[in-house]
Amino acid sequence: MPTYAIGDVQGCFHALSGLLVQIEFDATRDHLWFVGDLVNRGPDSLATLRFVKGLGAAAVCVLGNHDLHLVAVAEGYGKLRKDDTLDDTLDAPDRDELVTWLRQRPLMHAEDGYALVHAGLLPAWTVPHALELAREVEQELQAPTYGSLLARMYGNDPDRWSDNLAGYARLRVIINAMTRMRVCTSDGVMDLRFKGDTAALPGGVLPWFAVPGRASRDTRLIFGHWSALGLVLEPNVVGLDTGCLWGRKLSALRLEDRQLFQFSCRAEEAEERRR
């Protein structure tokens, strides 16, 4: 039963469909791991959500920042931004069912020697510790009082981890690291504003996965989120956001033999996104 890890789809359902044809996906046999950001900025978030939800146990999807943003907006705790493309989902008759399903996705997943997270892990976190922290957030999102977290989720502070953190400040750091972080200092201070490639790194920061002595380095980590970085295929680090949204490629990695599959995205979708 092959497992394919798939990069950020962000509503590019045409590209996802094409990629699944390329890999000859069979939902009765294969498994898909999505790195998060199923929705937003692309042209068809609604079809993407409906499709992945319909896969049931054949798919695992961790939460990305755009997924959480959709949940917050749908529940009245966030505001649409100028470049959001979420109206089709927000106006859909099955909106509540889809948003509830999305809210109940994991923040992190680990299985068979791999760990899946949307953005990254702070240097001090081992994979078992990070999974415990992810469960803290998931419990809050799945509780009847989930709105309290959504109302306090946005913001860049605190910008570093401490075992002494508590309450919503603690949960916000976990969410920011796992769904928004690209770079941090060697002692784990996040710069959540940076979105460029490694040639333009601000002084004093590194890609989160390049921090010397990172506690999670003994586990094979799969992430997305960083389209400017592009494909990363290292022994213990796989980055799969290859810019489908921007007209580049949507990528899938078969975990059993690490064979890469890529679907070239339609230029007209990228042009629609830029308008």
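Described in the following lines is the structure provided in the data block. Owing to the predicted nature of the structure, the values given are computational and were not obtained by experimental measurement. (Residues numbered from 1 in each chain as written. Predicted model: local features only at pLDDT ≥ 70, side-chain atom pairs only at ≥ 80, totals over all residues. Heavy atoms only, no water.)

1. So, the overall build of the chain
Worth spelling out the cut-off: Secondary structure follows DSSP: runs of H or I at least 4 residues long count as helices, runs of E at least 2 residues long count as strands, and numbering of each begins at the N terminus. Atoms counted for the radius of gyration: C-alpha only. Globule rule: 2.2 Å times the number of residues to the power 0.38. Only protein chains enter the calculation, and the probe is 1.4 Å; a residue is then buried if its accessible area is under 20% of its type maximum, exposed if over 50%, and partly exposed in between. Throughout, a contact is declared for two residues whenever any of their heavy atoms are within 4.5 Å. Computed with a 1.4 Å probe, the accessible areas rest on the Shrake-Rupley method; for each residue, only the protein chains presented here act as cover. Asp and Glu are treated as the negative residues and Lys and Arg as the positive ones, with His and the ends of the chain left uncounted. Each charge is placed at NZ for Lys, CZ for Arg, CG for Asp and CD for Glu.
When its secondary structure is counted, the chain shows nine helices and 13 strands. A compact globule built from 275 residues would reach a C-alpha radius of gyration of about 19 Å, and the chain, at 17 Å, matches this within 12%. Dimensions of the chain along its principal axes, counting C-alpha atoms only, are 45 × 40 × 35 Å. When each of the 275 residues of the chain is scored for burial, the buried share is 56%. In the chain, the proportion of contacts linking residues at least 24 apart, taken out of those at least 6 apart, comes to 67%. As presented, the chain carries roughly 11,600 Å² of accessible surface, and 48% of it is formed by carbon and sulfur atoms. Distance between charge centres in the chain, computed from 30 positive and 37 negative side chains, equals 4 Å.

2. Details of the nonpolar core
Selection rule: Residue types Ala, Val, Leu, Ile, Met, Phe, Trp, Tyr and Cys, when buried and joined through side-chain atoms within 4.5 Å, form a set referred to as a nonpolar core.
Counting residues in hydrophobic clusters, the biggest one holds 83 residues, and the most contacted among them are Ile6, Phe34, Met108, Trp125 and Met178. Top contributing element to this core by residue count: helix H6 (residues 127-142), with seven residues. Among residues more than four places away in sequence, those in contact with Phe34 are Ile6, Val9, Leu16, Val52, Leu55, Ala59, Val60, Cys61, Val62 and Leu116. Counting 12 residues, the second largest nonpolar core, distinct from the first, contains Trp33, Val62, Leu116 and Leu240.

3. A few points about the sheet that holds strand E11 (residues 237-239)
Test applied: Two strands pair if DSSP finds at least two bridges between them. Only the contacting stretch of a helix is used when fitting its axis, a line to C-alpha atoms as for every element, and angles between N-to-C directions run 0 to 180 degrees.
Ordered by their spatial adjacency, five strands build an open sheet running E4-E5-E9-E11-E10, and the pairing between neighbours is mixed. Edge positions in the sheet fall to strand E4 (108-111) and strand E10 (232-234), since each has one partner strand and no second. Recorded for the sheet is a direction-independent mean angle of 15° between the axes of neighbouring strands. Its contacts with the sheet place H6 against E4, strand E5 (114-117) and strand E9 (220-223), and it is angled at close to 140° to E4.

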